[in-house]
Amino acid sequence: MDILKTATDWAKAELFSTPFFIFFGVVFLAASLGFWQLGKTDLARAYIIPTLVAGALLLTIGLGLFFTNKSRIKQFEMAYNANASAFVASEIERAESTLKEYKTIVFTAIPLIIIACALVILFVDTPIWRASMITAIAMLVVILLIDGTAHARIDTYHKQLLSVENELKN
């Protein structure tokens, strides 16, 4: 198995998915602009700032991940050519760390935050709180959708790394 090609393919797949953060960030920013221009009710006007913040956060996440993974592709080849065993070991460590983060943040914390936001919607009746909680839920659902597929990719990549590590030991 060519682990350099596998690592590069994984990073390229990440490059494909990160623009979805950017796309949804732009959608939230457009929604903010729409609420600003067309919002007539208190609730519609209350969405201006929360959707602006959510859009900015999603854009920041998307751009940060895009440039990080783009530079990672170049680093893979240099690290692999310098020492293949060390490259595989460092990638296994990074993948395991990322999988733990997904478990803690994406699949535990985010659902709990969504539940908390839903409870706030039930018990608080002011427009700004409702708009903020609904926007937060929408943004977190976008993150769950995108990171759910990213989790599956890095899990598969991690398993491939472990099989290559076993091959290198033998």
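Criteria and thresholds
Residues numbered from 1 in each chain as written. Predicted model: local features only at pLDDT ≥ 70, side-chain atom pairs only at ≥ 80, totals over all residues. Heavy atoms only, no water. Helix = DSSP H or I, 4+ residues; strand = E, 2+ residues; numbered from the N terminus. Rg over C-alpha atoms; globule rule 2.2 N^0.38 Å. Buried < 20%, exposed > 50% of the residue type's maximum accessible area, 1.4 Å probe, protein only. Contact = heavy atoms within 4.5 Å. Areas by Shrake-Rupley, 256 points an atom, 1.4 Å probe, with all protein chains shown as cover. Lys, Arg positive; Asp, Glu negative; His and termini not counted. Charge placed at Lys NZ, Arg CZ, Asp CG, Glu CD. Salt bridge = Lys/Arg side-chain N within 4 Å of Asp/Glu carboxyl O. Axes fitted to C-alpha atoms, helices over the stretch in contact; angles between N-to-C directions. Parallel < 35°, antiparallel > 145°, perpendicular 65-115°, else oblique. Polar contact = N/O pair within 3.5 Å; in protein donor to acceptor, adjacent residues only side chain to side chain. Phe/Tyr/Trp six-rings, centres within 6.5 Å; stacked < 30°, edge-to-face > 60°.

Chemist: What's the story with the overall build of the chain in this structure? I'm lost.
Modeler: Of the regular secondary structure elements, the chain holds 5 helices and 0 strands. Expected size for 170 residues packed as a compact globule is a radius of gyration near 15 Å; at 20 Å, the chain overshoots this value by more than 25%. When its C-alpha atoms are laid out on the principal axes, the chain stretches across 70 × 30 × 15 Å. Among the 170 residues that make up the chain, the fraction classed as buried is 35%. In the chain, the proportion of contacts linking residues at least 24 apart, taken out of those at least 6 apart, comes to 81%. Split by element, the accessible area of the chain, about 9800 Å² in all, is 69% carbon and sulfur. Looking at the chain, you have 14 positive and 14 negative side-chain charges, and the mean spots of the two groups are 6 Å apart.

Chemist: What should I look at first to understand the pattern of salt bridges in this one?
Modeler: Opposite charge on two side chains makes pairing possible when the charged atoms of those side chains draw close. Counted according to the given criterion, the structure contains 5 salt bridges. We note a salt bridge from Arg-94 to Glu-91, for which the minimum N-O separation is 2.6 Å. Of the two residues, Arg-94 and Glu-91 are both situated in helix α4 (residues 84–123); the distance of 3 residues between them amounts to about one turn of the helix. Asp-155 is paired through a salt bridge with Lys-159; the nearest N and O atoms lie 3.3 Å apart. Residue Asp-155 and its partner Lys-159 are both found in helix α5 (residues 127–169); the two are separated by 4 residues, about one turn of the helix. Asp-155 sits in the partly exposed class, given a relative accessible area of 25%.

Chemist: What am I meant to see in the packing of helix α1 (residues 3–38) against α5 here?
Modeler: In a packed pair of helices, the relevant descriptors are the angle between the two axes and the axis-to-axis distance. Viewed as axis vectors pointing N to C, α1 and α5 meet at an angle of 180°, and their least axial separation amounts to 10 Å. Between α1 and α5, the crossing angle belongs to the class labelled roughly antiparallel.

Chemist: Help me understand the environment of Thr-156, please; the structure alone is not making it clear to me.
Modeler: Note on placement: Thr-156 falls in helix α5. Classification of Thr-156 as partly exposed rests on a relative accessible area of 42%. Along the backbone, Thr-156 and Ala-116 are 40 residues apart, and their C-alpha atoms lie at a distance of 32 Å. Here the side chain of Thr-156 touches Ala-152 through a polar contact of 3.0 Å, landing on its backbone oxygen.

Chemist: Please explain the packing of aromatic side chains as it appears in this structure.
Modeler: Two measures describe an aromatic ring pair: the distance that separates the ring centres and the angle between the ring planes. Tallying each qualifying case throughout the model produces 7 aromatic pairs. Centre to centre, the rings of Phe-35 and Tyr-47 are 4.9 Å apart; their planes meet at 20°, and the pair counts as stacked. Linking Phe-35 in helix α1 with Tyr-47 in the loop between α2 (42–46) and α3 (48–82), this pair joins segments that are 12 residues apart in sequence. For Phe-35, a relative accessible area of 26% puts it in the partly exposed group. Judged by relative accessible area, which is 12%, Tyr-47 ranks as buried.

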